[in-house]
Amino acid sequence: MSTDSWWGAALLHGGEDDAVWARGAEEITHGRLRAEVARLAELFRLQGIRGGDVVALQGTASFTQLWAMFALWSLGTQVVHLGPHVTRAERAALFELCGPRHHVVLGGRRVARGAFADECEVAVLRLPSGRRARTGHCLVQFSSGTTGGMKAVGRTPESLLNEVHRFAAIDGMPGRGERVLVLDPITHSFSLVGGVLHALNARAVLMFSHETISDADVVLGTPRHFERIAAARREPSRLRLAVSSGEALPQRVYDTFADRFGVHIGQAYGTTETGIVATDLRGEHGPRTVGVPLPGVATRVRHGVLEVLVAQSPYLYSDDDRWQGGGWLSTQDLVTLDPRTGAVRLRGRAGAGADPQVDLLEIEAVLRGHRLVSDVVVLGADVVEAHVEGPAELTRDELTSWCRWLLGDVGVPSRFHVTSRLPATANGKTLRSRELLLAHLTRAS
């Protein structure tokens, strides 16, 4: 596949040479973007990378990371996008699964976790056990692993381009010349497609330095990012839009951010497997409602769980019962739909025997209101149980009384597990697997 026929050539070549594409420590023009992509594409060719190869891309969050991704796509490779914090053991398992022929490593000077470097060194390692791509997917990402092991998810050029068009049709998305601060890693679906690729399509200016919040028109991040921004008491003078994704947005973060900056945090809801599903960009429905499903995205609710119609299984190397033969993929999210607007309200994660009427996120919000609770996960399997992060003196009786006072008898967890710290995935998301949480308790005891 040549650069002219590459699915993203129109995005890459659309901006004027002297127009600013992105800002970090320095400004990068569209002309330099194209020059750096062409330079890396030539480097990769000299290293033996060819169209149809599977190539793993991993390392420091940087402009170099984006240039390398575009360059690999321009060569027609299948890019396996690994987060920078995947462990050595996890990487070995993923390499055995995906079979990359090359490992492109981005590094050099050390940067703090979550920090962004404009440029970094590029090393290309040949993997003798690698193979050619067996499918037409141009991108392989990995599910977050909050409910179990990470799964390889494939995206075709067509699915990515369709999602870019979906974002372009959403009222309120960043437009030409607007400055868009992207805080989440681009290995995550929303940051990549709704952030980087949409900005290219709309001719918005990307920003990656955490020190430039005051200059942003739009901020894309997770609830943890917005909590830190609000706590820092910075006042973005031009901010018009803040959009959260990746995890449920706590009411206290929503309220605090609005009080500080006069902007309600909106939400973009989707999964790695489906891409974007629903949005409420301006936060008009509040933190628990993630918006109305987008045109062209077919959804349904079965047994209280949201399902999305997907044309083919997104799982590349294994069958998964979340995708049924009819094309419906379970999001594993318990929801209710507003009968008037069709907006999706989250109620927690599904589990075996989960009661579709219990609002698990409401229970979590109540428990987070306790002065000794730092974080909490409430799961609804055959019984409702709460895994609470807090000090050892926090007792089951105190938590039960707290919930009964604020919830009544309905929704009080049958079991409480208190730990000094809830376990998280490599990218910082709190685990929501009962088996993994119980295993963590066993190790901690």
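So, here's what we can say about the structure.

About the criteria used
Residues numbered from 1 in each chain as written. Predicted model: local features only at pLDDT ≥ 70, side-chain atom pairs only at ≥ 80, totals over all residues. Heavy atoms only, no water. Pairing = 2+ DSSP bridges. Helix = DSSP H or I, 4+ residues; strand = E, 2+ residues; numbered from the N terminus. Buried < 20%, exposed > 50% of the residue type's maximum accessible area, 1.4 Å probe, protein only. Arc of directions from axis to C-beta. Contact = heavy atoms within 4.5 Å. Axes fitted to C-alpha atoms, helices over the stretch in contact; angles between N-to-C directions. Parallel < 35°, antiparallel > 145°, perpendicular 65-115°, else oblique. Left-handed = near helix turned anticlockwise from the far one by under 90°. Nonpolar A, V, L, I, M, F, W, Y, C, P; charged D, E, K, R; others polar. Polar contact = N/O pair within 3.5 Å; in protein donor to acceptor, adjacent residues only side chain to side chain. Salt bridge = Lys/Arg side-chain N within 4 Å of Asp/Glu carboxyl O.

### Some points on the pairing of strand β16 (residues 299-302)
For step 1, the next point in the chain: Bridge count for β16 against strand β17 (residues 305-309) is four bridges, and the pairing is antiparallel. Opposite T299, over in β17, you have V308 as the bridge partner.
For step 2, the next point in the chain: The hairpin formed by β16 and β17 contains two residues between the paired strands, and H303 there has a positive phi angle of roughly 55 degrees.

### Here's the deal with helix α11 (residues 434-444)
For step 1, the next point in the chain: All buried positions along α11 are accounted for by L437, H440 and L441. All buried residues of α11 fall inside an arc of 100 degrees around its axis, so they share one side. In α11, those exposed residues whose orientation departs by more than 90 degrees from the buried face are E435, T442 and R443.
For step 2, the next point in the chain: Its buried side turned inward, α11 meets β20 (375-380), β21 (384-389) and β22 (415-419).

### Quick word on unusual backbone geometry
For step 1, the next point in the chain: Here the phi dihedral of R203 falls at roughly 65 degrees; this positive angle occurs in a residue that is not glycine.
For step 2, the next point in the chain: Within the secondary structure layout, R203 lies in the loop between α6 (189-202) and β10 (205-207).
For step 3, the next point in the chain: Classification of R203 by relative accessible area gives buried; the value is 17%.
For step 4, the next point in the chain: Positive phi, close to 65 degrees, is recorded for Q332, a residue that is not glycine.
For step 5, the next point in the chain: With respect to the helices and strands, the residue Q332 is situated in strand β18 (residues 328-337).

### Description of the packing of helix α2 (residues 30-46) against helix α3 (residues 63-74)
A pair of packed helices is characterised by two quantities: the angle between their axes and the separation of those axes.
For step 1, the next point in the chain: It is at 8 Å that the axes of α2 and α3 come closest, and there the two elements cross at 60 degrees. When the axes of α2 and α3 are compared, the pair comes out oblique. Classified by chirality, the crossing of α3 by α2 is right-handed. From α2, R32, L33, E36, V37, L40, A41 and F44 reach across to α3, where they touch T64, W67, A68, F70, A71, L72 and S74.
For step 2, the next point in the chain: Split by residue class, the contact of α2 with α3 holds ten nonpolar, two polar and two charged.

### Overview of the sheet that holds strand β4 (residues 78-81)
For step 1, the next point in the chain: Judged by pairing direction, the sheet is mixed, and its six strands sit side by side in the order β6-β5-β3-β4-β7-β8 without closing on themselves. Both edges of this open sheet fall to β6 (121-126) and β8 (152-155), since each of them pairs with a single strand only. Across the sheet, the axes of successive neighbouring strands diverge by a mean angle of 25 degrees, strand direction being ignored.
For step 2, the next point in the chain: Pairing geometry for β4 and strand β7 (residues 139-142), over two bridges, is parallel. By the bridge assignment, V80 is partnered in β7 with V140.

### A few points about helix α9 (residues 360-368)
For step 1, the next point in the chain: Where α9 is concerned, the buried positions are L360, L361, I363, E364, V366 and L367.
For step 2, the next point in the chain: Capping the start of α9, D359 holds a side-chain oxygen 3.3 Å from the backbone nitrogen of L361, two or three residues further along.

### Considering the sheet that holds β22
For step 1, the next point in the chain: The strand order β20-β21-β22 describes an open sheet built from three strands, whose pairing is mixed. Single-partner strands in this sheet number two, and they are β20 and β22. Between one strand axis and the next, the sheet turns through 15 degrees on average, direction left out of account.
For step 2, the next point in the chain: One ladder, built from five bridges, connects β21 with β22; its direction is parallel. Looking at β22, one finds that H387 is bridged to H417.

### Side note on the pattern of salt bridges
For step 1, the next point in the chain: What the rule picks out here adds up to 25 salt bridges.
For step 2, the next point in the chain: Sharing partners across several salt bridges, the network here consists of E26, R32, E36, R39 and E119.

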